[in-house]
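# Understanding the architecture of this molecule
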Amino acid sequence: MTWGIISTWKMSLAGVTKAAELLANGRPSGDAVQSAIEDVEDNPQFNTVGYGGLPNAEGTVELDASFMNGDTLSIGSVASMTDIAHPIAVARSLSHEQLNNFLSGGGANNYAQRHGFAVKTMLTPETQTYWGKQVRKNATRHDVINTHDSVGVVSLDYRGRLHTGSSTSGIFMKAKGRLGDAPLPGAGFYCDNHIAGVTTTGLGEDLMKGMLPFKITQLIADGLTPQAACDKAVYPFIDDLYHRSGHIGAVSVVAMDKNGEWGVATNVDFTFVVATDSLKPTTFLAKRAAGNTTTIEEAGI
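Keep in mind that this is a model prediction, so the values were computed, not measured.

## Details of the overall build of the protein chain
Of regular secondary structure, the protein chain possesses nine helices and 13 strands. Seen through its C-alpha atoms, the protein chain measures out along the principal axes to roughly 50 × 45 × 40 Å. Within the protein chain, contacts between residues separated by at least 24 positions form 65% of all contacts whose residues are at least 6 apart in sequence. Just so you have it, the protein chain exposes about 12,300 Å², and 50% of that area is on carbon and sulfur atoms. In the protein chain, 23 side chains carry a positive charge and 30 a negative one; their mean positions are 4 Å apart.

Here's what the structure looks like:
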């Protein structure tokens, strides 16, 4: 049985490299997902995830995360959580609960602290200073609309177990309590050992309208390759939403099926990272091409 991992954005390369070592040594895919995401959550250079994430309109870093077990279909999600070092670990813990799998705000924080998850001030001096500058200049929607890159991971282990995970601080200067797609099953992620795992990144307000992970999973179940399924689900949705509303934000997806085959689709210049038992951790660049297809090339980073 093969193993593999795919993750959004070049910022995940170091985390995917660590996770690939786990998978190569026979560790479960859930451990690989958590490890890859925690690496990004810990790095303040990545100001759309975890420590150093950009704050909301009130100056607070609110964190969303999700975790799904493709074997049991168990889901755990947190939303609007504050000052917890690893939201992905809390989401994974919630996936083991029989009830109360999705917690937000104070409820998520209470659960995390009650179960011993590390408390950490997630607002750095650098991001606080940047927030202050934007407040003083009365930042517009144009100033902040592109500051939202979730780290999303799909992993397959040698026993055929698929897991997905995602973590983000959401849009910069978002309204307090605002949620995007990342913690929402079917909209931001979906995972089934019998088929595939899919996760998204981009503008949550638009991604939530497409239910792309669930649609892509169903297309793969119907016999499409992950790449063909991503193309078929994403590009007609992008065009239709733009036709209806006159605008659309960034939309990107990554998928990996039960055989380790993978696919992506996007309407931006989108970097992602893949590692398998036959491919070292590699960063790729994806772009939309003619005919509702995707071009993919090695990013050379």
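Once the structure has been displayed, the description carries forward.
## Observations regarding helix α2 (residues 29-41)
Here α2 spans 18 Å end to end across 13 residues, near enough to the 18 Å set by a 1.5 Å rise per residue. With respect to burial, α2 is a largely interior element, 12 of its 13 residues being buried. Taken together, the buried positions of α2 are occupied by Ser29, Gly30, Asp31, Ala32, Val33, Gln34, Ala36, Ile37, Glu38, Asp39, Val40 and Glu41. Tucked into the core, α2 has its buried residues touching β1 (4-8), α1 (13-24), β2 (63-69), α3 (87-94), β5 (151-156) and β6 (162-168).

## What about the nonpolar core?
One finds Ile5, Ile6, Val90 and Phe272 to be the most contacted residues of the largest nonpolar core, which totals 48 residues. Leaving out residues up to four positions away in the same chain, Val90 has contacts with Val78, Met81, Ile84, Tyr111, Ala112 and Phe117. Residues Leu207, Ile220, Ala233 and Tyr235 belong to the second largest nonpolar core, which totals 20 residues.

## Section: the packing of aromatic side chains
Here a ring pair, both rings aromatic, is described through the centre-centre distance and the interplanar angle of the planes. Across all of its chains, the model carries seven aromatic pairs by this definition. Geometrically, the ring pair formed by Trp262 and Phe284 is tilted, given 5.6 Å between the ring centres and 40 degrees between the ring planes. Linking Trp262 in strand β10 (residues 262-266) with Phe284 in strand β12 (residues 279-289), this pair joins segments that are 22 residues apart in sequence. Here the aromatic rings of Phe270 and Phe272 are separated by 5.9 Å at their centres, their planes lie at 25 degrees, and the arrangement is stacked.

## Details of the sheet that holds strand β9 (residues 251-257)
Taken in spatial order, the four strands line up as β7-β8-β9-β10 in an open sheet, and their pairing is antiparallel. Looking at strand neighbours, the two that pair on one side only are β7 (189-192) and β10, the edges of this open sheet. Across the sheet, the mean angle separating the axes of adjacent strands is 10 degrees when strand polarity is ignored. On the sheet, helix α9 (residues 226-245) packs against β9 and β10 and is oriented at approximately 15 degrees with respect to β10.

## Digging into the packing of α1 against α2
The interhelical angle for the contact between α1 and α2, taken along N-to-C directions, is 160 degrees, at an axis separation of 7 Å. Considered as vectors, α1 and α2 are oriented roughly antiparallel to each other. Where α1 crosses over α2, the handedness of that crossing is right-handed. Where α1 approaches α2, its residues Ala14, Gly15, Val16, Lys18, Ala19, Leu22 and Leu23 are matched on the opposing element by Ser29, Asp31, Ala32, Ser35, Ala36 and Asp39. Of the residues that constitute the contact of α1 with α2, the class distribution is seven nonpolar, three polar and three charged.

## Some thoughts on the pairing of β6
Counting buried residues in β6 gives seven out of seven residues, a clear majority hidden from the surface. Covered by surrounding structure in β6 are Leu162, Thr164, Ser166 and Thr168 together with His163, Gly165 and Ser167, the residues of both alternating faces. Pairing between β2 and β6: six bridges, direction antiparallel. Bridge pairing links Ala65 to Ser167 in β6. Pairing of β5 with β6 involves six bridges; the strand directions are antiparallel. Bridge pairing in β6 places Val154 opposite Thr164.

## Thoughts on the sheet that holds β2
The mixed open sheet is built from nine strands, whose spatial order is β4-β3-β2-β6-β5-β1-β11-β12-β13. In the strand order of this sheet, the two ends are held by β4 (102-104) and β13 (293-298), each with one partner. In this sheet, neighbouring strand axes are inclined to one another by 15 degrees on average, regardless of whether the strands run parallel or antiparallel. As paired strands, β1 and β5 are joined by four bridges and run antiparallel to one another. Residue pairing for β5: Gly4 is matched across the bridge by Leu156. Contacting β3 (74-81) and β4, helix α4 (residues 105-114) crosses the sheet at an angle of about 115 degrees to β3. Across the sheet, α9 is in contact with β12 and β13; its angle to β13 comes to roughly 120 degrees.

About the criteria used
- Residues numbered from 1 in each chain as written.
- Predicted model: local features only at pLDDT ≥ 70, side-chain atom pairs only at ≥ 80, totals over all residues.
- Heavy atoms only, no water.
- Helix = DSSP H or I, 4+ residues; strand = E, 2+ residues; numbered from the N terminus.
- Contact = heavy atoms within 4.5 Å.
- Areas by Shrake-Rupley, 256 points an atom, 1.4 Å probe, with all protein chains shown as cover.
- Lys, Arg positive; Asp, Glu negative; His and termini not counted.
- Charge placed at Lys NZ, Arg CZ, Asp CG, Glu CD.
- Expected span 1.5 Å × (residues − 1).
- Buried < 20%, exposed > 50% of the residue type's maximum accessible area, 1.4 Å probe, protein only.
- Core = buried A, V, L, I, M, F, W, Y, C linked by side-chain atoms within 4.5 Å.
- Phe/Tyr/Trp six-rings, centres within 6.5 Å; stacked < 30°, edge-to-face > 60°.
- Pairing = 2+ DSSP bridges.
- Axes fitted to C-alpha atoms, helices over the stretch in contact; angles between N-to-C directions.
- Parallel < 35°, antiparallel > 145°, perpendicular 65-115°, else oblique.
- Left-handed = near helix turned anticlockwise from the far one by under 90°.
- Nonpolar A, V, L, I, M, F, W, Y, C, P; charged D, E, K, R; others polar.

Any functional reading would require information that these geometric values do not contain.
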